[in-house]
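Chain by chain, the residues run as shown.
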Amino acid sequence: MYSFEPSDEQKMLIDAVMRYAKSDLRPAAHDAEENKELPLKLINKGWELGVLQASIPEAYGGFGERSAVTGVLAAEEMAFGDLAGSLAVMLPGLFTMPILLAGTEEQKKQWLPPVIEAEWKPYSAAMIEYAFDFDPYALKTTAKASGGDYLINGEKAYVTYAATAEAMLVYANLDGKTQGFIVPKGAAGLTVGEEREKLMSLNALPLYRLKLENVKVPAANRLGGEAGHDIEPVLAAGRVALAALAVGVAKAAFEYSRDYAKEREAFGVKIAQKQAIAFMLAEMATEIEAIRVLNWEAAWMLDSGKEDAFKQAYLAYTGAVDMAMTVTDRAVQILGGHGYIREHPVEMWMRNGRGFAMFTGLAIV
Amino acid sequence: MIEFEAPKPIAQQQFVLKTVAEEMMRAKSRYFDDHEHEIPYDYIEFMHMAMRATGAGSLAPKEKKEEAEDPNKPKRPPIGYQMLAHMLEMLSWGDVGMYLVTPGGGLGAAAVQSAANAEQKAKFLARFGEAKPTFAAMCMTEAGAGSDTSAIRSTAILDKEKNEWVINGEKIFVTAGDKSITLDEKFGKGFVVVWASIDPSAGRAGMRAFVVEAGTPGVSVTKMEHKLGIRCSDTASIVLQDARVPFDHILGSPEVVKDTKGFKGAMATFDATRPLVAATGIGVARAALEFTKEKLAENGVTIRYGLPRQKLTNIEREVIDMEIMLRSAWLMILKAVWMADNAKPNALESSMSKVKAGDAVTKVTQKAVEVMGPLGYSREFLLEKWFRDAKITDIYEGTGQINRLVVARQILGYSGAELR
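Residues numbered from 1 in each chain as written. Chains lettered and ligands numbered in written order. Predicted model: local features only at pLDDT ≥ 70, side-chain atom pairs only at ≥ 80, totals over all residues. Heavy atoms only, no water.

A. Highlighting the environment of B:A357. Residues and elements named next belong to chain B. Mapping A357 onto the fold places it in helix α10 (residues 347-372). A357 gets classed as buried once you look at its relative accessible area, which sits at 0%. Distance from A357 to A287, taken between C-alpha atoms, is 15 Å for residues 70 residues apart in sequence. Ignoring any residue separated from it by four or fewer positions in sequence, one finds A357 in contact with A278, I282, A329, I333 and T362. (Helix = DSSP H or I, 4+ residues; strand = E, 2+ residues; numbered from the N terminus. Buried < 20%, exposed > 50% of the residue type's maximum accessible area, 1.4 Å probe, protein only. Contact = heavy atoms within 4.5 Å.)

B. Molecular detail of the environment of A:A227. Take A:A227: it is sitting in the loop between β8 (207-218) and α7 (232-263). Separated by 166 residues in sequence, A:A227 and A:G61 place their C-alpha atoms 25 Å apart.

C. Examining the packing of helix α3 (residues 41-54) of chain B against helix α4 (residues 80-99) of chain B more closely. All names here are of chain B. Taken N-terminus to C-terminus, the directions of α3 and α4 make an angle of 155°; their axes are 13 Å apart at the nearest point. Classified by the angle their axes make, α3 and α4 are roughly antiparallel. Between α3 and α4 the crossing geometry is left-handed. Every residue of α4 that contacts α3 at Y43, M47 and M51 is listed here: M87, L91, M98 and Y99. For the contact of α3 with α4, the residue count by class is seven nonpolar, no polar and no charged. (Axes fitted to C-alpha atoms, helices over the stretch in contact; angles between N-to-C directions. Parallel < 35°, antiparallel > 145°, perpendicular 65-115°, else oblique. Left-handed = near helix turned anticlockwise from the far one by under 90°. Nonpolar A, V, L, I, M, F, W, Y, C, P; charged D, E, K, R; others polar.)

D. Quick look at the pattern of salt bridges. What the rule picks out here adds up to 50 salt bridges over all chains. For the salt bridge of A:K270 with A:E265, the shortest nitrogen-to-oxygen distance reads 3.0 Å. One network of salt bridges, in which partners are shared, links B:R30, B:D33, B:R231, B:E384 and B:R388. (Salt bridge = Lys/Arg side-chain N within 4 Å of Asp/Glu carboxyl O.)

E. Inspection of the domain arrangement of chain A at higher detail. Residue and element names in this part refer to chain A. Splitting chain A by domain gives domain 1 (8-116), domain 2 (124-227) and domain 3 (232-358). Across the contact, 20 residues belong to domain 1 and 22 residues belong to domain 2. Between domain 1 and domain 2 we count zero salt bridges in total. Counting the contacts that link domain 1 with domain 2 gives six residue pairs in polar contact (both at pLDDT 80 or more). It is helix α5 (residues 92-102) that provides the largest number of residues to the side of domain 1 that touches domain 2, a total of five residues. Residue classes in the side of domain 1 that touches domain 2 are distributed as 14 nonpolar, three polar and three charged. (Domains from an automatic or database assignment. Polar contact = N/O pair within 3.5 Å; in protein donor to acceptor, adjacent residues only side chain to side chain.)

In structure tokens form, the structure reads like this:
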């Protein structure tokens, strides 16, 4: 069967997330970006929606089952409010979802309940490296077996809440394969950069560089245990998450510029009545919808274990990167000079929009 | 529940159609491109037989059969339009020009299906199930009225004494027009649906559709176009000079009410047909993309899905972009027809899918030719033909620009007067 209609349960979740995005995240977004701070209360309220908790089975402290489709639907709605806020609310997922997808039974039992059963606390992951040719399949950070443990060496970048994270997954190159390692707070040899990352956007989010010098990780903390794990399901879950967030940001920019165009007058008519503007809006709506359904299919394929699911997730993500850039750029263009001013949110969405190409591993569903 | 699994009947249908597309269509593609206006009788007769046997076919989905309800059997949602979209996509993957001469009524029958009363449907549609293959076509466009259908100048005046409509005008760009209106002993008696005004002072409110049957005196084909692509499909100019049709050949009410409801009703036909026409373009572009990937593979080029963009070669990027465009356009079509099947208003999704598909298939085929270099441009392969065939997708059944206008009005909540 084909169906483009979310289940009743998903609709309820979407509604709740949408209310939070509109009445909490969005109003806080501007000041959070300018002041470089996200209020903990705001994050907690989003955490209490239980999106992540509902994707973890009861045996590990949650109350549901993982569904990439549900995760994607929720991420779209949340990013409509604010991207930085969404990444903060979804942060513990960076730690729990790979463990759920690729961890051993012991790892799931040990690490998931403390995250899921408590209030929001930063649990993070370190994937990105500071290099123009960063490649998740060819990490420069290395892991080496050493007397029953692993020693990790290298540098990581864009690590969300690294300074306060209770624990994190560090991805490293083990004999040419990308593998995750669970690293608890305060591990010897782990240094968090003193200053936060300075990025074009996501200023509200505390992101740090990491230095790992002979960080010793017990063999039991290698994701997937002795046998390790396939990185593809983890990357694919990240790709559909980012694509969904890109859809949310683009939709925010589209709706804002559409509403502006219906108010703003020039030459005696609303600018939306000019085909030059109206056609831009029509194309924005079309491109958003195109990537949205592509990503839904990718998420559904992941959930149903389809053969080409990983490839499809990659296509959806790659398409989303371009779409988010184009749509947010058009939104700024429609507002003209006003779009360039930070009083309107479209310039921030344009800065967000450029980032999706770099955000590998910053969200996962 | 969001789902993307093709329903079983569709999967089965696709399996059969692929063989037809390969053996009856693809094998003859080059021949009929080289011999414009030649009629592929073998294909037409085969399809007619097959469609009569299976009931599959015309653009207008079959009306629901009244079956005794088995209360134990779970109700399956209708999938008629979804099935058609798949069918058109696969046949066009075979050869879109040839698909366009598939008998069964095409857009002409679709217009009757959506605008006629029960008696008219019985009278006009029964012929498609008879022994000989039969065609019908839509006559909308005129020399001075393309996308702007309100500029149509053809007239239909009621001769009250004889109770007949007298139609005058000249129609152009009529797909399958010749096969529909010219008597041919190999074909059944077809018809064209002619759009004309019954009250030129009333503008769009006076616009009506009329069924004009093959052999009607005063109707003649004056020209067959020579085209960039879809050459197997005849595109005719039809002149109507005092052509008389019985009173009951008018689709819709003969009363002119000063509003545009009748016209909007006519336009609503497009909500159903646009995604289907878009689907034909997808078939062409899929053929081009598959060919390109096969040739690349033969030459040792593999596409490394998953790599960051800056690590990909230009060819890899192009292929990945083509796949994204094509798949997302197809999914938008699926959504639009899924909505049609489930009686959800889909004017927005229908036009959006046409905008996206028009762009996507044009770009995909253009890129494919470029990526293949001298091979792409050569007439030894079909790639250059698919490039020419695909272009029509962004033009007929509403150009990309008209569909942008429809989308824009929908998302802005504007009327035609507010956004012109």
